Amino acid sequence: MKRSKDIEVRRLCRLLGELVPYSIIENFNFYGWMYEGKNIDLPFTWNYDGINHVVFSNKFSILRKNDFEDVYIQAWFGGESLILIDGEPYGEVNTYHEELNITQFCDGKEHKIEVQTVARGLFGTREESVFKYSRIVVYDNEIRKVIFFVKNVIDTIKETNNESLANALVNLTDEFLSKLNIPHATENYIKTVKNDPAIVEQVSSVWSSAEFPYFESVYDKKIKENILSDFEIFGEKLKSLRKLFPKFGKAYVAGHAHIDYAWLWPVHETKRKIVRTFANAVQLAKKYKNFVYIQSSAQMYEDLKSLYPELFEQIRNLVKNGQWEPVGGMWVESDCNVPGVESLIRQFYYGQKFFEKEFGKISKVAWLPDVFGFSWFLPQILKQTGIDYFVTTKLNWNEANDFPYDICKWRGIDGSEVIYYNFKNFEEGYNGRISAKSLINTFSNFRQKELTDKFFISFGYGDGGGGPSEEMCESYNPLNEIPGVPEVEYSTTERFFCDLTQDLANSKLPTWDGELYLELHRGTLTSQSRTKILHKIAEDELRTTEILNALFLGDKQAQIDELWKVLLRNEFHDILPGSSIKEVYEDTEKELNYVIEQCDVIQKSFFDGNDEIITIFNPSSFKQRISFEYNNFIKTNDCDKSLKTIKTYRGNYLCVSENELKPFEILSFKVQREKSEFHNTQKFVDDYTIENGLLLVHIYRDGSINIFNKVLKKWAFNEKGNVLVTAKDIPAYWENWDIDYRTRNHYIVLKAEKIKIVEDNEIRKVVEIFYDYEGSRIWQYLILENESDELKVETRIDWHHRRSILKVLFPTNVLSRYAKYDLDGGYIQRPTHDNTNFEQARFEVLGHRWIDVSQYDHGVCIINNGKYGHIVKGSTIEMTLVKAGIYPDFFADEGEQSFIYSIYLHGSEDVKEFYARADKLNKKIKAFNGKPLTKGWNLNISSDSLRVLSLRKVDEKIYLRILETVGSSGTATIKLEGINFKEVKFVDILENKISEVEFKEGKIELTYKPFKIYTIEFVL
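My aim in this report is to walk through the structure given alongside it, one point at a time.

### Re the pattern of salt bridges
Working step 1: Here the structure, examined in full by the defined rule, presents 80 salt bridges.
Working step 2: The shortest N-O distance in the salt bridge between glutamate 489 and arginine 495 comes to 2.7 Å.

Below is the structure:
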């Protein structure tokens, strides 16, 4: 009779279940546990404060009697648990690792066991804080290996698409299991039920269940001999099937635990997850000599080293032996959209430097399986940090279109190329298994088998950590013997790519030239806006602090490096994108504020603090008119008699001069302090117009505006712009991650409640527009300076809506099929139309400091200081201001936040001008009390196509990193004035020498190419 494969599989599983009780030699309760110095009886309920772990302790003395015996602790302590034996981390207990192998300690000597437990599951869920049970189980490992082997055969039957192979394996497995002489006499059989996983739940759930003894041993050496004898025959027959059904493909596998540095739990819990997971992986590496484990994130290794240096040393030895691979080369697996170019560089700089120092090698593989899209700048950064290969699985999540390749060359914005690799495993993706399902479906899903039959799988419980289990590792050998499934081999990612590239040597790989856009999680460009703005400020302050330290030849770089690491860990791909719980953002905002505060302390330390002198500094790569904010009214008759001071609507003072500061120029002058008698105008208006010699701004009663450029004789908007809209946003799955495609079909236009003039003076005019929408309040301040050709919009929001977004729309008076979006150090052009499904899917995209849409004779550019989610559809620019979901932080973006953007109506397009204006908005002139304590030196770069990413002093070297920003090539002169240096080199991002540089009279010539990053080392 022919029947379905599912029926055959279910029956074989039930047959196999009968063997399990015969693999258990002994099973007894493990008594004697202590808690807070007192003996406890189980079950034991304990108190959990939501933060700290509790500790249980005990002792054991067990003597292993035979080599085939393996001894385990089976226990549930009430949540995720770290097991320490004799004071050292040994392993973990969680829902996926319910028993712990202690065989190596069964030497008859007394050993101390300590358990650190939190009442949480792997994904942050609250567990019942009850220590339920504790047992010692002694297994016959030879019978267990039979069980694991046959289970893998059954799994192969279930997963294979080869009907003939499935039938052959069903017949062979049925013959083996049915012939086994397992006692079925009721008196004996009733003792096996509790340990038969195939039937225990079913037979125990009936109305009036029989009484099944918990454990009475049925272990029998004669039955064991029969099992092993029959299994040997089974194995020989299985070998013969391999001639009919040969293996196909080769799976390179590595143990792995994707540990989110924060997500549904705060960072302090992650540090415990790291120890538990790493300890587990170390034990597996000791037990299985060909086992390989991979783990990213230098931050995690640094955390471990500070907590348990002995465990870290064991990992260092495993790295030397090739069983452990520090992969990825990054400080953490960071978001790759919101961080600026220098932040992405520092992720790899600090990560690779740590790996090199601690493990003697850098990673050649970027490992980012779970990140929500990838900047077009990444390939260049990867190549300059020694990385040739890039791995992700995230583009498999696209909701509308498949990314076309599993292997290709990924070409970056400057032309740099790395090998892109993707694997699609339907059994938990990057948290896969060593199983027939993972092997068969991953190979089946691989779309470029004409190039290679090799593929990669990472296996182990992840996201919340945990990692591989013994059961997964026990599947390795059986799967290599079972016909009709791919061959399996443990491997590092580096060795996989080495073998892969040999296959690809004579192949013409396709090339993907552009960003890697994820058609999902678009809301992460905006969620948790306060965090994103703080992150942006911290980026800029770290840059300014490093530059001042270099210009004054300071000794603060080591301190600044530590602040960078604080910033970088908060760029993790579930922190900065806004997809974590509220406790994470409470910690993150504290840490980012700490970075900003410490930068301020360091910056001020370079000046003497004399309040009769003010020193101003231009941190921008572009010259800018002197304009800075100060906490008091000042005037000067010193070097700048044109300096004017006004009191702003915010109560501080704005100081403006006709003069300019060059990039990185430092200027000191004496000041007089006087009390300001100026009072701002407070006048309510309806329709109102403000203007200067260049612009006319009409403000409508509803709060919208239009701008007329008097020189161009052009209006910016088609009727009205700066229109605030909101909408209900309820995505299908991922609340704080996603913006739904249909949300933009239902915008509600907000109407202003009040409009009033709050400043009208010799420097500028400011109009306040106030909105109140169902309890959410918005204040916008339109700022028009007297000689400016752009309108600034300072915005303050007090948001109290859930499942909603807030956007600002600019329906421009421009016709263009493409818009330009800043990527921080270059730009990308994207269509403004929806011709294809790919274009329709890109309804929210990344933009950094500016977005521009232009036609031949004019255009509109929107410049901002901390907003990343944008789109241009038709002629309308949209910028997302708030994305307030309800999971995992119910109150995401609740409350106050503030930011600024400006509207620039321009003539013929000049990308260089967009960058200059964005730099001035984000890197304003800074003012310090007092004069510099030491004399600084000057940096002069002749080309304004080049932007300074960073300037650092490290020991007796100065490192200047610059980037060609606008897509041009040419030659520039770089001059260091007021400082002597001995030699100059071009180096890569890791500061490895590329070439010597000739210099004369303190200057060098740089031949630059579009969008290239250049790092120059000056030896003092």
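### Quick notes on the sheet that holds strand S5 (residues 54–60)
Working step 1: The strand order across the open sheet formed by 6 strands is S3-S2-S5-S10-S7-S8, and the pairing between neighbours is antiparallel. At either margin of the open sheet sits one strand with a lone partner, and together these are strand S3 (38–39) and strand S8 (88–93).
Working step 2: Across 2 bridges, the pairing between strand S2 (residues 34–35) and S3 is antiparallel. Each bridged residue has a counterpart across the sheet, and for methionine 34 the counterpart in S3 is asparagine 39.
Working step 3: Its contacts with the sheet put helix H7 (residues 267–287) on strand S7 (80–85), S8 and strand S10 (111–118), and the angle it makes with S8 is roughly 95°.

### Side note on empty space enclosed by the protein
The gaps of empty space that remain are located by a probe, the size of a water molecule, rolled over the atoms.
Working step 1: For the structure on display, the rule yields 8 cavities of 30 Å³ or more.
Working step 2: Every residue lining the largest cavity is counted, 26 residues in all, and those nearest its centre are Asp540, Arg543, Asp824, Lys923 and Arg947.
Working step 3: Those elements giving two or more residues to the lining of the largest cavity turn out to be helix H10 (341–359), helix H16 (529–551), helix H20 (911–922) and strand S52 (946–954).
Working step 4: In terms of residue count, the dominant contributor to the lining of the largest cavity is H16 (5 residues).
Working step 5: By residue class, the composition of the lining of the largest cavity is 8 nonpolar, 5 polar and 13 charged.
Working step 6: Estimated volume of the second largest cavity: approximately 120 Å³.
Working step 7: Surrounding the second largest cavity, 16 residues form its lining, Asn337, Phe372, Tyr517, Leu518 and Leu525 being those nearest its centre.
Working step 8: Its residues assigned to classes, the lining of the second largest cavity comprises 9 nonpolar, 4 polar and 3 charged.

### A word on the packing of H10 against helix H17 (residues 557–569)
Working step 1: Where H10 contacts H17, the two axes come as close as 10 Å, and the packing angle between them is 105°. By the angle class used here, H10 and H17 are roughly perpendicular. Contacts between H10 and H17 pair Glu342, Ser343, Arg346, Gln347 and Tyr350 from the former with Asp561, Trp564, Lys565, Leu567 and Leu568 from the latter.
Working step 2: Residue classes in the contact of H10 with H17 are distributed as 4 nonpolar, 2 polar and 4 charged.

Criteria and thresholds
- Residues numbered from 1 in each chain as written.
- Predicted model: local features only at pLDDT ≥ 70, side-chain atom pairs only at ≥ 80, totals over all residues.
- Heavy atoms only, no water.
- Salt bridge = Lys/Arg side-chain N within 4 Å of Asp/Glu carboxyl O.
- Pairing = 2+ DSSP bridges.
- Helix = DSSP H or I, 4+ residues; strand = E, 2+ residues; numbered from the N terminus.
- Contact = heavy atoms within 4.5 Å.
- Axes fitted to C-alpha atoms, helices over the stretch in contact; angles between N-to-C directions.
- 1 Å grid on protein atoms, 1.4 Å probe; cavity = no way out; pocket = protein on both sides within 12 Å on 5 of 7 lines; lining within 4 Å.
- Points joined across faces, edges and corners; volume = space filled by probe spheres on them.
- Nonpolar A, V, L, I, M, F, W, Y, C, P; charged D, E, K, R; others polar.
- Parallel < 35°, antiparallel > 145°, perpendicular 65-115°, else oblique.

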